Amino acid sequence: MRVVGLSAEDDFEGWRDAARALAAARVPPSEIVWQVGDQPVDLFGDEAVPQSTAHPFRVPRAFLDLAQAVILHSDPQRFALLYTLLAGLIEQPKRIEDRADPLVRRLEEKAKAVHRDIHKMRAFVRFREIEDDSGARYVAWFEPEHHIVRANARFFADRFANMRWSILTPELSIHWDGAALAEGPGATKAEAPAGDPIEDVWKTYYASIFNPARLKTGAMLKEMPRKYWKNMPETALVKELVAGARQRETAMVQTARTAMGGNIAGAWEKLRDEAMGCTRCHLYRHASQTVFGEGPVDARMMFVGEQPGDQEDLAGHPFVGPAGQMFNRAIAEAGIERAGVYVTNAVKHFKFEQRGKRRIHSKPDAGEISACRWWYEQERLLIRPEMTVALGATAARQILGKAATITAMRGRALELAEGGLGWVTIHPSFLLRMPDRERAAEEYAMFVEDLKGAAKTLSS
Ligand code: URA
């Protein structure tokens, strides 16, 4: 019997190196015992992992990807199951593609469960604010089903780069000091703080996006299993919100806004700073910076564009390039003062294709729009605009939460699910792209009419 000792539950490298050597020596799966940590090993004999790689072999990339996820599963059999498949792949490399193979299926199910758990941790971790010697620190409690915490740590470090935080879990704790990640021992729920100001922000956020008319309990439970409810401040609101109507909801939002200390401008600045480190989708990798919304936090009107263009990306401000100039001219003609409105984009990073020295605008896809919805919702929560004007189809999708045709929607007030009115019109860059000057002038006049309509509805 060979006994392989792995350093931790998620020790993928340890498993991979041992498995590679054992498989090269053609050691059958039945002769290996996999152990984690410092349990006694002498029960099983003393044959070591072979050092030589007598019969080298190649492993399909798909297997390594699968193994990397499955290693994080909580099933103690996972190491042996993976090794069994690895041994089988030496004879039959194509087996990994056989979806009907019971072992491949079983391992794929495990990989899926791990990915779901990773997603849940990202979606449901909630920080509570505490004070320590160095100031504010944010601490969260989370109970994962699988060994995913270490693998997920980098995500939180990128996402909350500007905060000092700790995530406590039964198996291990991770800490971020603003520069480096550190690990500590597991904790108990009692060690995590309960109830404090950041919960108000979450509750406000949740209450502001909650729409009783749209509540689908089944879907909600699927996304937010009961296991997690007890850790989440907003779940305390669910019963109340279901029972109450919009009036109640609005009152709660007002209360929670006041709980932020009434400092909406401060909260907005914090939000913008946080957005500067956004990695919610891949677009941050090539863009110069996040281009956040701008304007007074008490603006009654919000304009939503598509995404920053080349010039906005460099300047860090929305609507300052050619489309921005067209926008400024049209709103001025419609009697709207730019300094009095809040201007933002559905997607906050510039998406482009590099062609030689030029960066050519590329349309954001549904996934990118949806990843960026977080920031749009947070902006709405703070600004609470009475009228939100979507410029073009991408913005319309963001404000309505679904795909929309401009021609079918334009020029009339629409009730928005989160409150306030919406208004859909064209994007000013549409006018810039029109080769026919006469048609462009007609379209421009219609654009100005749409803007006037929105302003008039707001003041009526
Ligand atoms: N187009 C947009 O949609 N937004 C900008 O900020 C600039 C151009």
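As shown above, the structure is provided for reference.
Residues numbered from 1 in each chain as written. Predicted model: local features only at pLDDT ≥ 70, side-chain atom pairs only at ≥ 80, totals over all residues. Heavy atoms only, no water.

Draft legend 1. Layout of the sheet that holds strand β5 (residues 165–168). If you trace the five strands from one edge of the open sheet to the other, you get β3-β4-β5-β6-β7, paired in mixed fashion. Of all strands in the sheet, those with a lone pairing partner are β3 (128–132) and β7 (181–185), marking the two edges. Neighbour-to-neighbour, the strand axes of the sheet open up by a mean angle of 25 degrees, direction not taken into account. Lying on the sheet, helix α5 (residues 149–159) is in contact with β5, β6 (172–176) and β7; it crosses β6 at an angle near 20 degrees. (Pairing = 2+ DSSP bridges. Helix = DSSP H or I, 4+ residues; strand = E, 2+ residues; numbered from the N terminus. Axes fitted to C-alpha atoms, helices over the stretch in contact; angles between N-to-C directions. Contact = heavy atoms within 4.5 Å.)

Draft legend 2. Region of the structure containing the site of the ligand. Taken together, the residues surrounding the ligand are Gly305, Glu306, Gln307, Pro308, Gly309, Glu312, Pro318, Phe319, Asn345 and His427. Separating an oxygen atom of the ligand from a backbone N or O atom of Glu306 is a distance of 2.7 Å. Contact between the ligand and His427: an oxygen atom at 2.6 Å from a side-chain N or O atom of the residue. Burial of the ligand by the protein amounts to 93% of the accessible area it has alone, namely 240 Å². (Near = heavy atom within 4 Å. Polar contact = N/O pair within 3.5 Å; in protein donor to acceptor, adjacent residues only side chain to side chain. Areas by Shrake-Rupley, 256 points an atom, 1.4 Å probe, with all protein chains shown as cover.)

Draft legend 3. Structural context of the nonpolar core. Judged by nonpolar contacts, the single largest core of 59 residues is most densely connected at Met301, Phe303, Ile336, Val389 and Leu451. Other than its neighbours up to four places away in sequence, Leu451 contacts Phe303, Ala330, Ile331, Ala334, Ile336 and Val389. Formed by 32 residues, the second largest nonpolar core is a distinct cluster that contains Leu22, Val70, Ile71 and Val104. (Core = buried A, V, L, I, M, F, W, Y, C linked by side-chain atoms within 4.5 Å. Buried < 20%, exposed > 50% of the residue type's maximum accessible area, 1.4 Å probe, protein only.)

Draft legend 4. Region of interest: the pairing of β3. Relative to strand β4 (residues 135–141), β3 runs antiparallel, the two being bridged by five bridges. Looking at β4, one finds that Glu131 is bridged to Ala136. From the end of β3 to the start of β4, which pair antiparallel, there are two residues.

Draft legend 5. Up close: the packing of aromatic side chains. Scanning the model with the defined rule gives 15 aromatic pairs in all. Pairing Phe156 with Trp165 gives two aromatic rings, centres 6.2 Å apart and planes at 70 degrees, and the pair type is edge-to-face. Within the aromatic cluster, the residues linked to one another by ring pairs are Trp15, Trp34, Phe63, Phe79 and Tyr83. (Phe/Tyr/Trp six-rings, centres within 6.5 Å; stacked < 30°, edge-to-face > 60°.)

Draft legend 6. Quick look at the side chain of Glu368. Its place among the elements puts Glu368 in helix α14 (residues 366–383). Only 3.0 Å separates the side chain of Glu368 from the side chain of Lys351, close enough to count as a polar contact. The contact partners of Glu368, leaving out residues within four places of it in the chain, are Cys281, His282, Leu283, Val347, Lys351 and Lys363.

Draft legend 7. Structural context of helix α13 (residues 322–333). With 12 residues, α13 ought to run about 16 Å at 1.5 Å a step, and its terminal C-alpha atoms sit 17 Å apart, in line with that. Residues of α13 that are buried: Ala323, Gly324, Met326, Phe327, Ala330 and Ile331. One face of α13 carries all of its buried residues, which in axial projection span an arc of 160 degrees. Pointing more than 90 degrees away from the buried face of α13 are the exposed residues Gln325 and Ala332. Residues of α13 that are buried make contact with β8 (301–305), β9 (342–345), β12 (387–391), α17 (428–432) and α18 (437–459). Looking one or two places after α13, you find Gly335, whose phi comes out positive at around 80 degrees. (Expected span 1.5 Å × (residues − 1). Arc of directions from axis to C-beta.)

Draft legend 8. Geometry of the pattern of salt bridges. Counted under the stated rule, the structure contains 24 salt bridges. Ionic pairing is found between Glu368 and Lys351, a salt bridge with its closest N-O pair at 3.0 Å. Linking Glu368 in helix α14 with Lys351 in the loop between β9 and β10 (352–355), this pair joins segments that are 17 residues apart in sequence. Across this residue pair, the class does not change: Glu368 and Lys351 are buried. A single network of salt bridges, built from pairs that share partners, joins Arg410, Arg439, Glu443 and Asp450. (Salt bridge = Lys/Arg side-chain N within 4 Å of Asp/Glu carboxyl O.)

Draft legend 9. The side chain of His146, seen in detail. Tracing the backbone through its elements, the reader meets His146 in the loop between β4 and α5. At a separation of 3.0 Å, a polar atom in the side chain of His146 contacts the main-chain amide nitrogen of Ser74. With residues near it in sequence (within four places) discarded, His146 still touches Leu72, His73, Ser74, Ala113, Val114 and Asp117.

Draft legend 10. Geometry of the state of the cysteines. Counted under the stated rule, the structure contains zero disulfides. For Cys278, which is in no disulfide, the shortest distance to another cysteine sulfur is to Cys372 and amounts to 6.0 Å. (Disulfide = S-S within 2.5 Å.)

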